[in-house]
Amino acid sequence: MVTVASGRYAETLHADWGQTFGEIRPLHAETTPFQKLEVFSSPRFGTVLALDGVIQATEADEFIYHEMMVHPPLVAHGAAKRVLIVGGGDGGCLREVLKHPVDAVTLVEIDAAVIAASQRFLPGLSAGAFDDPRARVVVGDGLAFVAETEERFDAILVDSTDPEGPGEVLFTEAFYADCARALNSGGVLATQCGVPFLQPAGVTASFRRLRSAFADVAFTVCAVPTYVGGLMTLGWASADSAPRRRTIEDLRAVARGLSTRYYSPEVHLAAFVLPGYIQELLIP
Ligand code: SAM
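Reference entry: report on the structure contained in this document. These numbers were taken from a predicted model, which means no experiment stands behind them. (Residues numbered from 1 in each chain as written. Predicted model: local features only at pLDDT ≥ 70, side-chain atom pairs only at ≥ 80, totals over all residues. Heavy atoms only, no water.)

## Some details on the packing of aromatic side chains
At step 1: One pass over the structure, following the stated rule, counts eight aromatic pairs.
At step 2: Centroid distance phenylalanine 21 to phenylalanine 40: 5.3 Å. Interplanar angle 70°. Geometry classified as edge-to-face. Here phenylalanine 21, found in strand 3 (residues 20–21), pairs with phenylalanine 40, found in strand 5 (residues 36–42); they are 19 residues apart in sequence, far enough to count as distant.
At step 3: According to the relative accessible area criterion, phenylalanine 21 is buried, its value standing at 4%.
At step 4: Judged by its relative accessible area of 1%, phenylalanine 40 falls in the buried class.
At step 5: Here tryptophan 236 and phenylalanine 272 contribute two aromatic rings whose centre-to-centre distance is 5.0 Å and whose plane-to-plane angle is 80°, an arrangement assigned as edge-to-face. Of this pair, tryptophan 236 sits in strand 14 (residues 232–238) while phenylalanine 272 sits in the loop between helix 9 (265–271) and helix 10 (276–279), placing them 36 residues apart in sequence.
At step 6: A relative accessible area of 2% places tryptophan 236 in the buried class.
At step 7: Here the aromatic residues Tyr9, Phe21, Phe40 and Phe45 are joined through ring pairs into a cluster of three or more.
At step 8: Geometry around phenylalanine 63 places arginine 261 over its ring, the cationic atom sitting 3.9 Å from the centre. (Phe/Tyr/Trp six-rings, centres within 6.5 Å; stacked < 30°, edge-to-face > 60°. Helix = DSSP H or I, 4+ residues; strand = E, 2+ residues; numbered from the N terminus. Buried < 20%, exposed > 50% of the residue type's maximum accessible area, 1.4 Å probe, protein only. Lys NZ or Arg CZ within 6 Å of the ring centre and 35° of its normal.)

## Structural notes on the pairing of strand 4 (residues 25–31)
At step 1: Of all seven residues that make up strand 4, zero are buried, and the element is exposed over most of its length.
At step 2: Across six bridges, the pairing between strand 4 and strand 5 is antiparallel. Looking at the pairing, arginine 25 lines up with serine 41 of strand 5.
At step 3: Connecting strand 4 to the next strand, strand 5, in antiparallel fashion are four residues. (Pairing = 2+ DSSP bridges.)

## Regarding the site of the ligand
At step 1: Taken together, 25 residues lie near the ligand, and Gln35, Glu109, Asp141, Gly142 and Tyr227 sit nearest.
At step 2: Aspartate 141 is positioned with one of its side-chain polar atoms (N or O) 3.0 Å from a nitrogen atom of the ligand.
At step 3: One of the side-chain N or O atoms of aspartate 159 is found 3.2 Å from a nitrogen atom in the ligand.
At step 4: Considered on its own, the ligand offers 600 Å² of accessible surface; in the complex 99% of this is hidden by protein.
At step 5: Placement of the ligand is best described as lying within the largest cavity.
At step 6: Taken together, the residues of the shell around the ligand break down into ten nonpolar, ten polar and five charged. (Near = heavy atom within 4 Å. Polar contact = N/O pair within 3.5 Å; in protein donor to acceptor, adjacent residues only side chain to side chain. Areas by Shrake-Rupley, 256 points an atom, 1.4 Å probe, with all protein chains shown as cover. 1 Å grid on protein atoms, 1.4 Å probe; cavity = no way out; pocket = protein on both sides within 12 Å on 5 of 7 lines; lining within 4 Å. Sits in = over half its atoms within 2 Å of the grid points. Nonpolar A, V, L, I, M, F, W, Y, C, P; charged D, E, K, R; others polar.)

Laid out in structure tokens, this is it:
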């Protein structure tokens, strides 16, 4: 479990290594039906959300992850109108999706307490997105939602916790098969896929499981300071490689006017270039 002692917060994602935040001020803690939820403030990172001792988002660096989770699939698609976010209860992905001219975005979050605590303590993450008329929030299990929905989406963004606890089911072949069925032609799935230097098996497993449901599977990388261990991978899957092979001109045309601090069409293309130590994890 997490320890908050003498003004410090120690992340417990890895038993033998991790990050510690100093000079913190605890703001909120509760045990929800799904996980331990903690919020604290840090002089360096602003307000921080942690679930089961794992850092989920900080005010200072959340833009990196949320921009790279959302804009590559939506800019590559080029005309996404219906988007599904699975997880993402902090509202950061929802905020970024609504920067695009979508008709509707559905967010399926299993834990209502995450939405409530994020809106109360980290309002800048959603920045009013939960009140956008295009947004629909469903409190429920993303696995069941995708299995049962008759709706079709142009992009499905799986912004889940790691594959322990409630998030585990969102890293399965069955879930990916249902996602493939729920995507429109030309649709793209993007998934949170951990930090390969510390969680290499997760990347290999996701690569194999995504390939069981999609013909085109790849990964992008980005560096999020508080997702410790170096580059983070985001899974990418589609029925064909067309969305992944957009030209820089295509991307620039779609991304024109998009307000971002990390994403750009150039970063988009570069994010697919994997260093050898990650590429070698993509074992069929
Ligand atoms: N950006 C973070 C990361 O990369 O680890 C994820 C942040 S977001 C807060 C993760 C959310 O996934 C949590 O709010 C959690 O409740 C939600 N979640 C976990 N399992 C889920 C499931 N089966 N269905 C829907 N939401 C789920």
